[in-house]
2 protein chains.
Amino acid sequence: MTDAPSDNDDAAALMRLALAQARLAEAAGDVPIGAVIARDGKVIAAAHNRRIIDADPTAHAEILAIRAAARVIGDWRLTGCTLAVTLEPCPMCAGAIVLARIERLIYGPADPKAGAVDTLYRLCSDDRLNHRVEVMGGVLAEPCGRLLSDFFRRQRQAGKR
Amino acid sequence: MTDAPSDNDDAAALMRLALAQARLAEAAGDVPIGAVIARDGKVIAAAHNRRIIDADPTAHAEILAIRAAARVIGDWRLTGCTLAVTLEPCPMCAGAIVLARIERLIYGPADPKAGAVDTLYRLCSDDRLNHRVEVMGGVLAEPCGRLLSDFFRRQRQAGKR
C-alpha cells in the first residue's frame, strides 16, 4: 500500500470522486466544485463548495475538506495527505493547502481568474513559505471544466447573478 | 455615524479590541492573534486564532471572524465591513478577505515570513482579482508584535515546538 496515488490512474480515480462531490454542489444550487482528501490510499474527507448554501465566503470545497480531514486525523498537520479538487485553487485555498502541510495536490482545469497554484500565483511552490506541495494539474480537466461552464451558462440563461 | 473608522483613532480602537482577542488566544495556549470585524460603526464579529485549540489548520483569527460576520449578516458578501487583525494576514487569510469583499483592512505589524498583503504578496491590491481592499498597516504594531514575540520566547524556553 502506498501513502498517496502513485500514478495518473490513481489521480484520475480521486478526481472522479471529487467530481461526484462537485455534482452534489450543483444539485444544491451552488457552484459545482468538489474536493477529496486521501491518506494511505484511503479517502478520509470529501466536501463540495457551499459558499451560497451556507452564506459563508470561506466555504470553498478545499477549505471544508481540509477541516474535515483535520477532524479525522485530530491534528492540524495533514502530513502525507493528497488533496484532489476539480478547479485550480484560489489564493485562500492554496494558502490553506500550504498551511495544512498537504503533501500532494491534484487539480482539474487551470483557473485564469483566480488560480493561485500555477496561473496568477505559485503559492504551493514558494520557497519563502514554510512548506511546498507536489502539484499535478490538468487531471480530468475537460469534465471538471464542462461542469462549471454548463452551470454558469444555465445561470446566465436564468438571469441570475 | 460613519460606516467604517474614519481616522487613525478609530483604527486604533478596533485594534485594541483585536488585541484583547489575541490575549484570549494566548490564555488558551494558542498563538496570540486576534481579529474583529465592524460595520456601520459597530463590531459584529470577534475571534482569535484557534489552530492548536481546534486542531484546525484554517482556524486563523481572520477566517473565524469572517465566518462569524457572515453568519450575522446572512450573506457571504461582507460589503462595507472593516477587519482589524493583530498581524499582517497570510495568503489564506488575505485571499479570504478579498473573497468576502471586505472593504477595509487594518493590521498590526508586517509578517516577514508569510505576510500576503504588503510583504511577500499584495493579494489585497491585485487588479487581476475581482475585489480590492483599502489597507492600513502598522496600527499598534508594537504591542501586537510584542505579544507574539513574548509568546514564542516563552515557547522556546519551555522547549515546546
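Report follows, based on the coordinates. In this text, all values refer to a predicted model and were calculated from it rather than measured experimentally.

**A closer look at the overall build of chain A**
- On a plain count of helices and strands, chain A comes out with five helices and five strands.
- For chain A, the sequential pattern of α-helices and β-strands runs α-β-β-α-α-β-α-β-β-α.
- A compact globule built from 161 residues would reach a C-alpha radius of gyration of about 15 Å, and chain A, at 15 Å, matches this within 12%.
- Dimensions of chain A, computed from C-alpha atoms along their principal axes, come out at roughly 45 × 30 × 30 Å.
- Considering only contacts within chain A whose residues lie at least 6 apart along the sequence, 58% involve residues at least 24 apart.
- Averaging the locations of the 21 positively and 20 negatively charged side chains of chain A gives two centres separated by 6 Å.

**Comments concerning the interface of chain B and chain A**
- Contacts between chain B and chain A engage 32 residues on the former and 32 residues on the latter.
- Of the roughly 2700 Å² buried between chain B and chain A, counting both surfaces, carbon and sulfur atoms make up 66%.
- Summed over the three residues of chain B that lose the most area to chain A, namely P57, W76 and Y121 of chain B, the buried surface amounts to 23% of that side.
- Here chain B and chain A share two salt bridges between them.
- Where chain B packs against chain A, one counts six residue pairs in polar contact (both at pLDDT 80 or more).
- Ranked by residues supplied to the side of chain B that touches chain A, first place goes to helix α4 (residues 91–99) of chain B with five residues.
- Within the side of chain B that touches chain A, the residues separate by chemical class into 18 nonpolar, four polar and 10 charged.

**Thoughts on the packing of helix α3 (residues 61–73) of chain B against α4 of chain B**
Residues and elements named next belong to chain B.
- Where α3 meets α4, the axes come as close as 9 Å, and the angle between the chain directions of the two elements is 25°. Relative to α4, the element α3 is oriented roughly parallel. Here α3 and α4 pass one another in a crossing that is left-handed. Between α3, through E62, I63 and I66, and α4, the contact on the second element is made entirely by M92, C93, A96 and I97.
- Of the residues assigned to the contact of α3 with α4, the class counts are six nonpolar, no polar and one charged.

**Some points on the packing of helix α1 (residues 8–27) of chain A against helix α5 (residues 141–157) of chain A**
All names here are of chain A.
- The N-to-C vectors of α1 and α5 enclose an angle of 10°; their axes lie 10 Å apart at closest approach. It follows that α1 is roughly parallel to α5 by the angle criterion. In contact with M15, L19, A22, R23 and E26 of α1, α5 contributes P143, C144, L147, F151 and R154.
- For the contact of α1 with α5, a count of residues per class yields seven nonpolar, no polar and three charged.

**Observations concerning the environment of A114 of chain A**
- In this fold, A114 of chain A is placed in the loop between β4 (104–107) and β5 (134–136).
- The class for A114 of chain A is buried, based on a relative accessible area of 19%.
- Between the alpha carbons of A114 of chain A and V133 of chain A there is a distance of 18 Å; along the sequence they are 19 residues apart.
- Residues in contact with A114 of chain A, not counting those within four places in the same chain, are P89, C90, P91 and L120 of chain A together with L129 of chain B.

**Quick look at the packing of aromatic side chains**
- This model, assessed by the stated rule, comprises three aromatic pairs over all chains.
- Relative to F152 of chain B, the ring of F151 of chain B lies with its centre 5.4 Å away and its plane at 80°, an arrangement referred to as edge-to-face.
- According to the relative accessible area criterion, F152 of chain B is partly exposed, its value standing at 37%.
- Here the guanidinium or amino end of R51 of chain A rests over the ring plane of W76 of chain B, the centre of that ring lying 3.9 Å away.
- When the ring centre of Y121 of chain B is taken as reference, the NZ or CZ atom of R128 of chain A above it lies at 5.1 Å.

**A few points about the pattern of salt bridges**
All names here are of chain A.
- Here the structure, examined in full by the defined rule, presents 20 salt bridges over all chains.
- Measuring nitrogen to oxygen at the nearest pair gives 2.9 Å for the salt bridge that ties D54 to R50.
- Assessed through its relative accessible area of 37%, D54 is described here as partly exposed.
- Using a relative accessible area of 30% as the deciding quantity, one classes R50 as partly exposed.
- Close ionic contact of D75 with R77 constitutes a salt bridge, the shortest N to O distance being 3.1 Å.
- Judged by relative accessible area, which is 24%, D75 ranks as partly exposed.

Calculation rules
Residues numbered from 1 in each chain as written. Chains lettered and ligands numbered in written order. Predicted model: local features only at pLDDT ≥ 70, side-chain atom pairs only at ≥ 80, totals over all residues. Heavy atoms only, no water. Helix = DSSP H or I, 4+ residues; strand = E, 2+ residues; numbered from the N terminus. Rg over C-alpha atoms; globule rule 2.2 N^0.38 Å. Contact = heavy atoms within 4.5 Å. Lys, Arg positive; Asp, Glu negative; His and termini not counted. Charge placed at Lys NZ, Arg CZ, Asp CG, Glu CD. Buried area = accessible area lost by both parts, 1.4 Å probe. Salt bridge = Lys/Arg side-chain N within 4 Å of Asp/Glu carboxyl O. Polar contact = N/O pair within 3.5 Å; in protein donor to acceptor, adjacent residues only side chain to side chain. Nonpolar A, V, L, I, M, F, W, Y, C, P; charged D, E, K, R; others polar. Axes fitted to C-alpha atoms, helices over the stretch in contact; angles between N-to-C directions. Parallel < 35°, antiparallel > 145°, perpendicular 65-115°, else oblique. Left-handed = near helix turned anticlockwise from the far one by under 90°. Buried < 20%, exposed > 50% of the residue type's maximum accessible area, 1.4 Å probe, protein only. Phe/Tyr/Trp six-rings, centres within 6.5 Å; stacked < 30°, edge-to-face > 60°. Lys NZ or Arg CZ within 6 Å of the ring centre and 35° of its normal.

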